Amino acid sequence: MSDTAPLRETPDAADTAWTRKHLLGIADLSPSEIELILDTAESFREVGERPIKKVPTLRGKTVMNLFFEPSTRTRSSFELAEKRLSADSLNFSGSGSALSKGETLIDTARNLEAMAPDLVVIRHQHPGVPHLLAERIDAGIINAGDGAHEHPTQALLDAFTIRQHKGGLEGLEVAIVGDIEHSRVVRSNIHLLTKMGARVTVAGLRTMMPVEVEKMGVRAAYDLGEATRGADVVMMLRVQLERQAGGSLFPSVREYFRLFGLSPERLKRAKEDAIVMHPGPMNRGTEISSLVADGTRSVILEQVANGVAVRMAVLYLLMAARGAAV
Amino acid sequence: MKRADGNRQVCDTKRIVRGGRVIDPSQDLDRVLDVAIEDGKVAELGENLDAAGAEVTDAAGLVVTPGLIDIHVHLREPGFEYKETVASGVRSAAAGGFTAVACMANTLPVHDHRAVTELIMTEADRHPFARVYPIGAITRGLGGEDLAEIGDMVAAGAVAISDDGLPVSSAAMMRRALLYAQHYDVPVIQHAEDLDLTADGVMHEGEWSTRLGLPGIPALAEDVMVARDLLLSADTGGRYHVAHLSTGRSLAMVREAKRRGLSVTCEVSPHHLLLTDREVADSTFSTATKMKPPLRSSADVEALVEGLTDGTVDVIASDHAPHHPDEKDVQFSVAPFGILGLETTVSLCLDRLVRPGILDLAALVRLLSTGPARVLGLPGGSLEPGRPADLTLIDLEREVTVRSEDFHSRSCNTPFDGWQLTGAAVGTLLGGQPVTL
């Protein structure tokens with residue numbers, strides 16, 4: 001793909017290997033489909049560096065952003081991606097919508113469908129909601145996070161960022177540390193990284209580790225040092241402090257940090273050129289010290305920037321697969 | 001007048017059920033025989049019985065069994081008639097080959113007092129498609145705090161007590177129930193679940209809950225409750241029955257309790273014998289795979305199947321739990337727990353357990369008739385002369401496709417829709433009368 005050509009002309013969908021109508025998760029993707037998204041994102045990254053950061057690719061197309069859970073980063077990133085592709089976008093958030101007035105999810109979906117969107121980006125607190133919508137409505141569905149299940153565009157932007165720094169994913173040692181049980185980011189990353197040949201270690205408190213996680217093809221560690229030893233990538237997950245309300249999983253933040261907080265000292269166990277990632281939002285001093293978060297190994301803000309390009313790629317590929325004149 | 005032995009249908013004519021393969025586990029019987037029926041009761045079993053003056057039901061090529069009994073169903077009446085009624089539930093039972101059902105107390109109002117027992121019995125009398133044996137609540141309002149009027153409900157026809165849908169969480173309350181129920185000689189049926197361990201769980205905790213990111217219900221939630229209750233049962237001498245037992249470890253504890261001579265019985269449900277937690281993923285979060293207890297691991301399934309064959313399991317019961325499509329047609333996390341069972345149990349067991357040789361036919365008949373009758377002390381479950389002439393006719397070669405839209409139930413929540421099965425109940429007799437739907 002040349003720099004900008006496919007964005008300005010009408011590409012032939014048959015030229016791509018992309019045939020899916022929806023992006024529901026990483027679990028069903030093949031390595032070549034993942035490569036295709038990442039390669040496509042490379043060409044879109046350039047758009048964000050232009051003085052006029054906009055291409056007409058999705059002009060006249062409607063994208064609905066349906067966020068049933070609060071989100072700043074992901075929603076803004078999708079919105080920006082849609083705007084840069086010249087799509088018309090519409091935002092729906094959970095609070096204040098019909099759902100809080102007792103309407104079922106399916107009725108909400110049917111009503112939205114009556115407005116004939118081309119794509120729907122959905123974030124919901126319950127696993128499987130994007131899959132349910134995909135069965136029921138005609139629009140292409142992009143999963144922007146379903147409970148603790150999947151968050152495919154996050155894993156894709158993480159992979160994109162790792163690839164930029166490491167050249168590829170195969171053979172890398174990746175440590176993912178934090179609240180593994182409640183994280184959708186970790187599940188999508190496990191699928192993606194293992195498909196692409198990286199070795200993944202997940203680490204966290206025993207009270208936050210899902211059962212039988214090894215069956216997903218990873219190693220489980222219960223010690224930060226053990227997890228990060230020799231790592232090429234250290235990915236820290238947000239400790240979901242709000243979950244502490246329903247019966248605490250650990251006694252205090254200071255005790256958590258003592259076991260699993262990433263300090264410069266602890267980062268030394270990783271490879272010298274290891275990068276540090278975080279999907280955000282960060283709890284400074286809980287899972288990561290500011291010295292690491294703002295340090296030279298941190299690629300956290302690059303992840304955010306890359307998110308826009310990756311989401312542009314996903315929107316573009318799904319729209320092309322819909323057979324629309326993009 | 002209400003009779004404590006259920007809504008008996010009496011037939012004044014004579015009838016011969018001719019030439020069927022009679023399987024009656026209560027008499028260790030498996031032979032081609034005629035069954036003679038008089039005054040609604042079994043009169044005689046024999047070869048070439050005299051049919052003079054009798055109506056004849058031709059059962060050649062069919063299996064004839066004591067009427068099948070499902071001791072764990074939710075008829076939803078009173079209060080949830082949009083899901084099921086006594087009228088639709090007994091038709092569903094008859095269509096599935098059952099001549100009797102025992103219905104759970106989580107109605108609205110709760111079946112925790114005699115007026116509800118009488119309402120159910122009255123409705124059952126009006127719709128004589130299968131007998132109905134109500135199960136009363138253990139505690140008032142299923143609240144877990146005060147004993148319901150158990151004696152009064154038993155006098156009106158209740159055959160057991162259970163807070164099913166909810167466990168009796170308090171050990172003190174369970175102990176009291178096991179003691180008090182002995183005055184009326186009824187079993188205490190426990191929905192064994194530690195709700196603290198379940199928390200917000202919606203499926204079995206294991207590899208698949210981990211993959212799907214759904215909160216898990218650990219096997220432990222059942223196991224700690226069964227362990228506790230077995231201690232209470234041993235201490236009180238009370239009759240204890242584990243509803244819808246679903247884990248290998250609970251099964252092992254029941255096996256050991258039986259070995260020690262405790263008054264303990266248990267049932268398992270067909271879905272726990274045939275499906276695993278993986279089904280939630282394979283069906284892409286279908287709410288028809290959501291029930292309590294949840295579909296368990298393949299190791300649990302193997303253990304339960306072993307329990308069927310070694311006699312640890314007393315009963316196969318469906319936990320028929322109708323829910324309206326509006327309630328089930330939502331995302332997995334918020335859907336109610338439960339699936340239908342009355343119209344799929346027999347064919348599922350014949351096709352998936354008997355045909356592959358996992359379970360012999362006589363053992364299945366025991367689990368579906370003699371066993372259930374013994375657990376609840378019902379008059380059926382046997383074709384000995386003098387017993388009610390409740391019979392089920394089974395065609396082992398009948399090919400059926402499960403079609404939920406054709407169910408007699410008012411609901412259609414089943415994970416077995418579209419399954420092609422060989423073997424089906426093709427008719428029932430109730431008090432000697434063929435049941436016509």
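Residues numbered from 1 in each chain as written. Chains lettered and ligands numbered in written order. Predicted model: local features only at pLDDT ≥ 70, side-chain atom pairs only at ≥ 80, totals over all residues. Heavy atoms only, no water.

**What about the interface of chain A and chain B?**
Stage number 1. Between chain A and chain B, the residue contacts involve 21 residues of the former and 15 residues of the latter.
Stage number 2. At the surface where chain A touches chain B, the tally comes to one salt bridge.
Stage number 3. The shortest N-O distance in the salt bridge between D329 of chain B and R136 of chain A comes to 2.5 Å.
Stage number 4. Put simply, chain A and chain B have six residue pairs in polar contact (both at pLDDT 80 or more) between them.
Stage number 5. Where the side of chain A that touches chain B is concerned, the elements lending two or more residues are α4 (105-113), α5 (129-136) and α7 (184-195) of chain A.
Stage number 6. Sorting elements by how many residues they give to the side of chain A that touches chain B places α5 of chain A first, with five residues.
Stage number 7. Looking at the side of chain A that touches chain B residue by residue, the class counts come to ten nonpolar, six polar and five charged. (Contact = heavy atoms within 4.5 Å. Salt bridge = Lys/Arg side-chain N within 4 Å of Asp/Glu carboxyl O. Polar contact = N/O pair within 3.5 Å; in protein donor to acceptor, adjacent residues only side chain to side chain. Helix = DSSP H or I, 4+ residues; strand = E, 2+ residues; numbered from the N terminus. Nonpolar A, V, L, I, M, F, W, Y, C, P; charged D, E, K, R; others polar.)

**Section: the environment of V313 of chain B**
Residue and element names in this part refer to chain B.
Stage number 1. Locating V313 in the fold gives a position in the loop between α11 (298-310) and β15 (315-316).
Stage number 2. Separated by 180 residues in sequence, V313 and Y133 have C-alpha atoms that sit 21 Å apart.
Stage number 3. Those residues in contact with V313 that sit more than four places away from it in its chain are L251, C266, V268, L304, G307, L308, R366 and L367.

**Examining the pattern of salt bridges**
Residues and elements named next belong to chain A.
Stage number 1. Counted by the stated rule, this structure contains 45 salt bridges over all chains.
Stage number 2. Between R322 and D138 there is a salt bridge, with its nearest N and O atoms 3.7 Å apart. Here R322 is found in the segment after α12 (300-321), whereas its partner D138 is found in the loop between α5 and β4 (140-146), with 184 residues between them in sequence.
Stage number 3. Look at R322 and you get partly exposed, because its relative accessible area is 25%.
Stage number 4. K271 serves as the salt-bridge partner of D232, at 3.0 Å between the closest nitrogen and oxygen. Of the two residues, D232 sits in the loop between α8 (224-228) and β8 (233-236) while K271 sits in the loop between α10 (264-267) and β9 (275-277), which places them 39 residues apart along the sequence. (Buried < 20%, exposed > 50% of the residue type's maximum accessible area, 1.4 Å probe, protein only.)

**What to know about empty space enclosed by the protein**
All names here are of chain A.
Stage number 1. Inspection of the entire model under this criterion finds five cavities of 30 Å³ or more.
Stage number 2. Empty space within the largest cavity amounts to approximately 90 Å³.
Stage number 3. Considering the residues around the largest cavity, the lining is formed by R73, S77, Q154, L157, H278, P279, G280, I300, Q303, V304, G307 and R311.
Stage number 4. Elements supplying a minimum of two residues to the lining of the largest cavity: α3 (73-84), α6 (152-166) and α12.
Stage number 5. Broken down by element, the residue count for the lining of the largest cavity peaks at five residues, all from α12. (1 Å grid on protein atoms, 1.4 Å probe; cavity = no way out; pocket = protein on both sides within 12 Å on 5 of 7 lines; lining within 4 Å. Points joined across faces, edges and corners; volume = space filled by probe spheres on them.)

**Structural notes on the sheet that holds β9 of chain A**
All names here are of chain A.
Stage number 1. In space, the five strands of this open sheet follow the order β7-β6-β5-β8-β9, with parallel pairing throughout. The sheet terminates laterally at β7 (219-221) and β9, the two strands that pair on one side only. Taken over all neighbouring pairs, the strand axes of this sheet differ in orientation by 20 degrees on average, direction set aside.
Stage number 2. Bridge count for strand β5 (residues 173-177) against β8 is four bridges, and the pairing is parallel. Across the sheet, I176 pairs through a bridge with M235, a residue of β8. (Pairing = 2+ DSSP bridges. Axes fitted to C-alpha atoms, helices over the stretch in contact; angles between N-to-C directions.)

**Points about the confidence of the model for chain A**
Stage number 1. Summarising the model, chain A shows a mean pLDDT of 90, and 90% of its residues fall at 70 or more.
Stage number 2. Throughout residues 1-14 of chain A the model reports pLDDT below 50, and contacts reaching past four residues in sequence, or to other chains, amount to 22 contacts. (pLDDT = per-residue confidence, 0-100.)

**Quick word on a nonpolar patch on the surface**
Stage number 1. Residues L197, L220 and V224 of chain B make up a contiguous nonpolar surface patch of about 200 Å² in total accessible area.
Stage number 2. Structurally, L197 of chain B is set in helix α5 (residues 195-198). (Patch = residues over 30% accessible without salt bridge, like charges linked within 9 Å, V, L, I, M, F, W, Y side chains within 5 Å. Areas by Shrake-Rupley, 256 points an atom, 1.4 Å probe, with all protein chains shown as cover.)

**Describing the sheet that holds strand β6 (residues 68-73) of chain B**
All names here are of chain B.
Stage number 1. If you walk across this open sheet you meet the eight strands as β6-β7-β8-β9-β10-β13-β14-β15, and the pairing is parallel. Two strands bound the open sheet, and with one partner strand each, they are β6 and β15.
Stage number 2. Alignment of strand β8 (residues 131-136) against strand β9 (residues 160-162), held across two bridges, turns out to be parallel. Considered in β9, the bridge of G136 is made with I161.
Stage number 3. Contacting β7 (98-103) and β8, helix α2 (residues 114-126) crosses the sheet at an angle of about 170 degrees to β8.
Stage number 4. In this fold helix α4 (residues 171-180) packs onto β10 (188-190) and β13 (240-242), with an angle of close to 150 degrees to the strand it touches most, β10.

**Concerning the layout of surface pockets**
All names here are of chain B.
Stage number 1. Here the second largest pocket defines a volume of roughly 430 Å³.
Stage number 2. Lining the second largest pocket are 23 residues, with A95, E343, S347, V400 and A424 positioned closest to its centre.
Stage number 3. For the lining of the second largest pocket, the secondary structure elements donating two or more residues are α1 (86-95), α13 (345-354), β16 (391-401) and β17 (420-430).
Stage number 4. A per-element tally of the lining of the second largest pocket places β17 first, with five residues.
Stage number 5. Looking at side-chain class alone, the lining of the second largest pocket contains eleven nonpolar, eight polar and four charged residues.
Stage number 6. Two domains share the lining of the second largest pocket, each providing at least three of its residues, namely domain 1 (2-64 + 388-434) and domain 2 (68-376). (Domains from an automatic or database assignment.)

**Examining helix α8 (residues 248-259) of chain B**
All names here are of chain B.
Stage number 1. Here α8 is twelve residues long and its end C-alpha atoms lie 17 Å apart, about the 16 Å a rise of 1.5 Å per residue gives.
Stage number 2. Buried residues of α8: G248, S250, L251, V254 and A257, and no others.
Stage number 3. Tucked inside the fold, the buried residues of α8 contact α7 (219-236), β13, β14 (264-268) and α11.
Stage number 4. Where α8 terminates, the next one or two residues include G261, which has phi positive at roughly 90 degrees. (Expected span 1.5 Å × (residues − 1).)

**Digging into the packing of α8 of chain B against α11 of chain B**
All names here are of chain B.
Stage number 1. For the pair α8 and α11, the least separation of the axes is 8 Å and the interaxial angle reads 25 degrees. With respect to their mutual orientation, α8 and α11 come out roughly parallel. Across the interface between the two elements, G248, L251 and R255 from α8 touch D300, A303, L304, E306, G307 and D310 from α11.
Stage number 2. Tallied by class, residues from the contact of α8 with α11 come to three nonpolar, two polar and four charged. (Parallel < 35°, antiparallel > 145°, perpendicular 65-115°, else oblique.)

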